[in-house]
Amino acid sequence: MLLINLKQEYIYLTVFFVICVSLSAFLLLLSYSLSRKKKNDAEKLSAYECGFDPFGTGVSSFEVRFYVVGILFIIFDLEIIFLYPWAVQFGTLGAPGCFAVLIFLIILTVGFIYEWQMGALDWSKSISKKRHNPQEYDCKVPSALLKVATESSVPRVKVIGWPSRPVVSITPPNVEWPGGRSPSRVFGKFIKREWVAFLEDPWNEILAATVVFLYFAQTYLLFWGLLGILPIVFFLLITASVKYGRPAPLLGVFTAGLIGGFTFLSNIYARAIWDCWALSTHFESHPYLDNPFWGKLVWSATAENNYIFWSFSVMPAEFYHADYIIKDLYTLYVQWYLLILLSFFLFVTLPYLILFAARESINLTEFPIIILFAAFFMLFLISSFNFFGAYVSLEGLTFSLYILAGMDYNSQNTLESGMKYFCLGALSSGFLLFGVALIFIITKTLDFSELKFLFNSLKDMPLILSFALIFVFFGFWFKLSVFPCHAWTPDVYEGVLTPVTFFLATVVKFSVFAFFVRILFFLLGSQVFLFFWQPLFLFVATGSIIFGAFGALLQTGLKRFAGYTSINQMGYLLLGVSSGTSVGLQASFLYLFFYVAMGFSFFSVIMYLQRFDTGEDVLFINELRGFAQDNRNLSFFLALILFSMAGIPPLAGFFGKVFLFFSVYQAGNHSLVILGLTVNVISTFYYLRIIKCLFFEDVNVNFPVVFAPNIDAGYWFSPLFFCAALFLVASPFFLDSLLSQVDTLVSVARYVQVWQW
Amino acid sequence: MFLKNASACLFKPYYSLYLVFVGDTRFSLEKIFSSLVDSWVVANSGVSVNFGCFLIFSGLIFSIGAFGIVFNRKNIILLMASVEIMFLGINLVFISGYIFLNLEVGLIYALIALSLSAAEAAIGFGLLIASFRNAPDITFSGFNRLKG
């Protein structure tokens, strides 16, 4: 029946097709058979030019700007999709709909003005910029440079750190730091010159950032948002117009706006801090605590109550935006840690960005803004309670990372790594979305609470569901850069700017892991699913431990080395997770905190190391030779970090690994403990190699390495490094409190179910 | 028969759109979409499209895109096209959820996923243009600087 219908309806089409194909084939054959065969000569193949000799090839590619305008057109055209439903339901939606669409259009217009100002629409002007070549200094040895520095009258060469270690500060030529352009055309005339002068000094900039941050924090604490938006708009207008396209002052105050913008969650932090404090001081019982700022805190803890019930009683989960967003204690903790990490990250990377932008004469104004986008999406990823919401926030995070990866648009290495990241990232996000779509089709919902209810009622694992879940896992494994999806990591880490490597290695990993834990332990926490994903994760974890360790063995580049190291460490993290017990998760979280701390310390040192001759960043391990002779304290600190990464006993990394292997042993995977320890012994080799380079080799006289010559590093970094070193050394002393916090985190993450094997 | 069905397919939804425009409250967006789908299914009742067919078709499109990304060693613009094809296949899954399971939210998911994939393509083209300015080449052959 079906076949007959098909025949009836498609017979004409088939006849049409047959006629088309046969006619074209006939014509081709005809021309082939009738035409005179002749060998191709140069005259025939050359491009036809009238009156003069031909030049160039006949085939010419389109101007790139056509594509730019085409892309912009498509983007703005696509937004009409969002206007269409509103237009259809215009009467129903009323004033709120109008308001929402108005906000949407305002955002679009701002984007349009931005692209216009950036020169994307200028047809005549060439957009490309040539890279500023850093000047080659002819003095090869420090003494010669010292002589030049002391005798020359050039003001940009300055000796600091006399007499213990004479370090010469070189400001690159052609750049007035922080380099400048003319003020904006839009708001420039309203800006007073003194304000600009004030913001030009980076110290004032940081001060302003701090003040603005505190102000916003206070504002948001007292009045919920509405009044606090006005100063943000005000400051953004001023800063955007102070110096258009000027990184230095903008960076700081945009950052202030960004951190201030985060404080719309400040009531949440206040509660989280309050809860931390309450949990750490074991109160037997407490009355109701009503606070207009911090909300209502209720505890009903008795002696036999453990943290689970306590945290439940302290703060029940709240849902927002049609249950797409959850606010529970786990979310609050992780967001709190994430914001601390972000503020540290910005604090450490700001001076580097200023210096880099001045040195390479490149515009990095967007950097903190895109970090803002990434932070926004990370916060929403952590608090999302729906697979599609999680997909959208993860995708937004990934978009920000693509842009960050291609930020240094003059460097071919950066663009290559950005392109590689984009290709594989698009593949992985496609896999993730396909898995999500399959789950949507199978279960008819994507909401986590409904899914949990459904999954708990399952007696057996359906094949199609496991298929979909593997697709979802692929997306997350890619973001965590573990074994089957790790191939992008070394290339991307090597090519991108060092702050971006830093961001990818620490903050992004933290947020994605935190959300992944929610999926694994909250959503897939039942026994059926545990039996499904546990062997999978054991495989992935062991694979990435082995691949990371053996890949890092022979690396010469520092950032590439960091990439392989992070693959290895993520493997250890998943090893703890895959034990499936709360102890394992606890150990993983502890290890994650230590990993992030070590990453922060490592990158904040590595980022500021520069070669003495060219002023370029240090990119290779053997460039660090004999650094201890120059800067003993810093190399001691670096050695401390590396020992901690290797897991040498009195340091933080050791305790992380001990708890991890303990949990794996407890879960019954004895062979994996042996394997992990063996690989750890192997991985000690490459950490020790760097330490040998630092301490036991001679200085490379051609290009000794200096630490942050252009900024006065003593003020900034010694307190920070001191704190970090203290953390690495003294972690056993406050391990108890850390563990209690981690314990709370774990118990909230899994809610109620805790099984032991 | 063909013409009659085609007319039902073509004009029925527009009539209801007109009713919405006039302000008839009995007609909403959902009803329009469902009538569109119903009329399509009725018009093609000889060739019945079931859920499984639809899913297999979208899975095929998805795998075409995915294999295009994996096996494409030459051209980056082809890679972008593969990404788009992959996301369109996924969108078909969401839309099939609307058509066959009456999950209205599937349509919204499809819209959002569509716009996200467009944004992704724009970022990819931006990266491509930036790299084209440095080295005028849209093949992968120049991407061999980072390895080891």
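Residues numbered from 1 in each chain as written. Chains lettered and ligands numbered in written order. Predicted model: local features only at pLDDT ≥ 70, side-chain atom pairs only at ≥ 80, totals over all residues. Heavy atoms only, no water.

Comments concerning the overall build of chain B
Filter applied, for reference: Secondary structure is summarised from DSSP: a helix means a run of H or I of at least four residues, a strand means a run of E of at least two, and numbering begins at the N terminus for each. Each residue is placed in one exposure class: buried if its accessible area under a 1.4 Å probe, protein chains only, is under 20% of its type's maximum, exposed if it is over 50%, and partly exposed if it falls in between. Throughout, a residue-residue contact means that at least one pair of heavy atoms, one from each residue, lies within 4.5 Å.
Within chain B, the regular secondary structure consists of five helices and zero strands. Ordering the α and β elements of chain B from the N terminus gives α-α-α-α-α. Looking at the 148 residues of chain B, the share that counts as buried comes to 41%. In chain B, once contacts between residues fewer than 6 apart in sequence are set aside, the share between residues at least 24 apart is 61%.

Examining the side chain of N386 of chain A
Mapped onto the fold, N386 of chain A is located in the loop between α14 (366-383) and α15 (387-405). Here N386 of chain A falls in the buried class, since its relative accessible area comes to 3%. Setting aside anything within four residues of it in sequence, one finds N386 of chain A in contact with Y324, L446, D447 and F448 of chain A together with Y109 of chain B.

Focus: helix α19 (residues 488-495) of chain A
Residue and element names in this part refer to chain A. The element α19 is extensively covered by neighbouring structure, given that seven of its eight residues are classed as buried. When we look at burial in α19, the residues that qualify are W488, T489, P490, D491, V492, Y493 and G495. The elements touched by buried residues of α19 are α16 (412-443), α18 (463-480), α20 (498-523) and α22 (558-577).

Brief notes about the packing of aromatic side chains
Put simply, the rule is: Centres within 6.5 Å are what make two rings of Phe, Tyr or Trp a pair, Trp counting through its six-membered ring; a difference in plane orientation under 30 degrees is then read as stacked, over 60 as edge-to-face, and the rest as tilted.
For the structure shown, the criterion picks out 57 aromatic pairs over all chains. Residues F483 of chain A and F539 of chain A carry aromatic rings whose centres are separated by 5.5 Å and whose planes lie at 75° to one another, so their mutual orientation is edge-to-face. Pair noted here: F483 of chain A is in the loop between α18 and α19 and F539 of chain A is in helix α21 (residues 527-552), with a separation of 56 residues, a long-range link. With relative accessibility at 16%, the residue F483 of chain A sits in the buried group. Here F67 of chain B and F71 of chain B contribute two aromatic rings whose centre-to-centre distance is 5.7 Å and whose plane-to-plane angle is 15°, an arrangement assigned as stacked.

Remarks on unusual backbone geometry
The backbone phi angle of K444 of chain A is positive, close to 65°, even though this residue is not glycine. Along the chain, K444 of chain A turns up in the loop between α16 and α17 (448-456). A relative accessible area of 47% means that K444 of chain A is categorised as partly exposed. Of note in the backbone geometry, N102 of chain B takes a positive phi value of approximately 55° without being a glycine. For N102 of chain B, the position within the fold is in the loop between α4 (76-101) and α5 (105-134). A residue is classified by how much of its surface remains accessible, and N102 of chain B, at 56% relative accessible area, is exposed.

Overview of the environment of F547 of chain A
Residue and element names in this part refer to chain A. Of note, F547 is situated in helix α21. Using a relative accessible area of 42% as the deciding quantity, one classes F547 as partly exposed. Taking C-alpha positions, F547 is 9.2 Å from V482, a pair spaced 65 residues apart along the chain. Those residues in contact with F547 that lie beyond four places of it in its chain are F483, H486 and Y564.

Concerning the interface of chain A and chain B
The line we're drawing: In this description, buried area is defined as the sum, over both parts, of the accessible area (probe of 1.4 Å) that is lost when the two are combined. Note on definitions: salt bridges are taken to be side-chain nitrogens of Lys or Arg within 4 Å of carboxyl oxygens of Asp or Glu. Polar contact criterion, stated in full: a pair of N or O atoms within 3.5 Å, where within protein one must be able to donate a hydrogen and the other to accept it, and residues adjacent in sequence count only if both atoms are side-chain atoms.
Listed per partner, the contact involves 62 residues of chain A and 62 residues of chain B. Taken together, the two surfaces of chain A and chain B that pack against each other cover about 5400 Å², and 78% of this comes from carbon and sulfur. For the chain A face of the interface with chain B, the top three residues by lost area are M419, F440 and I441 of chain A, together amounting to 12%. At the boundary of chain A and chain B, one finds zero salt bridges. Our enumeration of links across chain A and chain B arrives at two residue pairs in polar contact (both at pLDDT 80 or more). Put simply, the parts of the chain that give the side of chain A that touches chain B at least two residues each are α1 (2-34), α3 (64-78), α4 (80-88), α15, α16, α19 and α22 of chain A. Per element, the largest residue contribution to the side of chain A that touches chain B is 21 residues, and it comes from α16 of chain A.

Here's the deal with the environment of N631 of chain A
Residue and element names in this part refer to chain A. On the secondary structure map, N631 appears in the loop between α24 (627-630) and α25 (632-646). Under the relative-accessibility criterion, N631 is labelled partly exposed at 23%. Spatially, the C-alpha atoms of N631 and L341 are 27 Å apart, while their sequence positions differ by 290 residues.

Things to note about the side chain of Q534 of chain A
Along the polypeptide, Q534 of chain A turns up in helix α21. There is a polar contact of 3.2 Å between the side chain of Q534 of chain A and the backbone oxygen of S579 of chain A.

Describing the pattern of salt bridges
Side chains that carry opposite charge are capable of pairing whenever their charged atoms lie near each other. Residue and element names in this part refer to chain A. In the structure shown here, the tally under the stated rule is five salt bridges over all chains. R560 is paired through a salt bridge with D491; the nearest N and O atoms lie 3.0 Å apart. Within this pair, whereas R560 is found in helix α22, its partner D491 is found in helix α19, the two being separated by 69 residues in sequence. You can call R560 buried: its relative accessible area is 4%. By relative accessible area, which is 14% here, D491 ends up buried. The closest approach of N and O atoms between R560 and E494, which form a salt bridge, is 2.6 Å. Taken as a pair, R560 in helix α22 and E494 in helix α19 lie far apart in primary sequence, 66 residues in all. Within this structure, E416, K420, D491, E494 and R560 form a network of salt bridges that share partners.

What to know about the packing of helix α26 (residues 652-666) of chain A against helix α27 (residues 670-695) of chain A
Residue and element names in this part refer to chain A. As a reminder of what qualifies: Angles shown run from 0 to 180 degrees and are taken between the N-to-C directions of axes, each axis being a line fitted to C-alpha atoms and, for helices, limited to the stretch in contact. In what follows, roughly perpendicular refers to angles from 65 to 115 degrees, roughly parallel to angles under 35, roughly antiparallel to angles over 145, and oblique to any angle outside these ranges. In the scheme used here, Gly and all other residues not listed as nonpolar or charged are polar, with Ala, Val, Leu, Ile, Met, Phe, Trp, Tyr, Cys and Pro taken as nonpolar and Asp, Glu, Lys and Arg as charged.
Close contact between α26 and α27 brings their axes to 8 Å; oriented N to C, the two are set at 155°. As the angle between them shows, α26 and α27 are arranged roughly antiparallel. Mapping the contact onto sequence places K657, F661, V664 and Y665 in α26 and H670, L672, V673, G676, L677 and N680 in α27. Its residues assigned to classes, the contact of α26 with α27 shows six nonpolar, three polar and one charged.

Some remarks on the confidence of the model for chain A
Low pLDDT means the predicted coordinates in that region are not meant to be read closely. Short version of the rule: You can read pLDDT as the predictor saying how much it trusts each residue, on a scale of 0 to 100.
Averaged over every residue, the pLDDT of chain A is 70; residues scoring 70 or more account for 60%. Contacts from residues 148-196 of chain A, a stretch scored under 50 in pLDDT, to residues over four places away or in other chains number 83 contacts.

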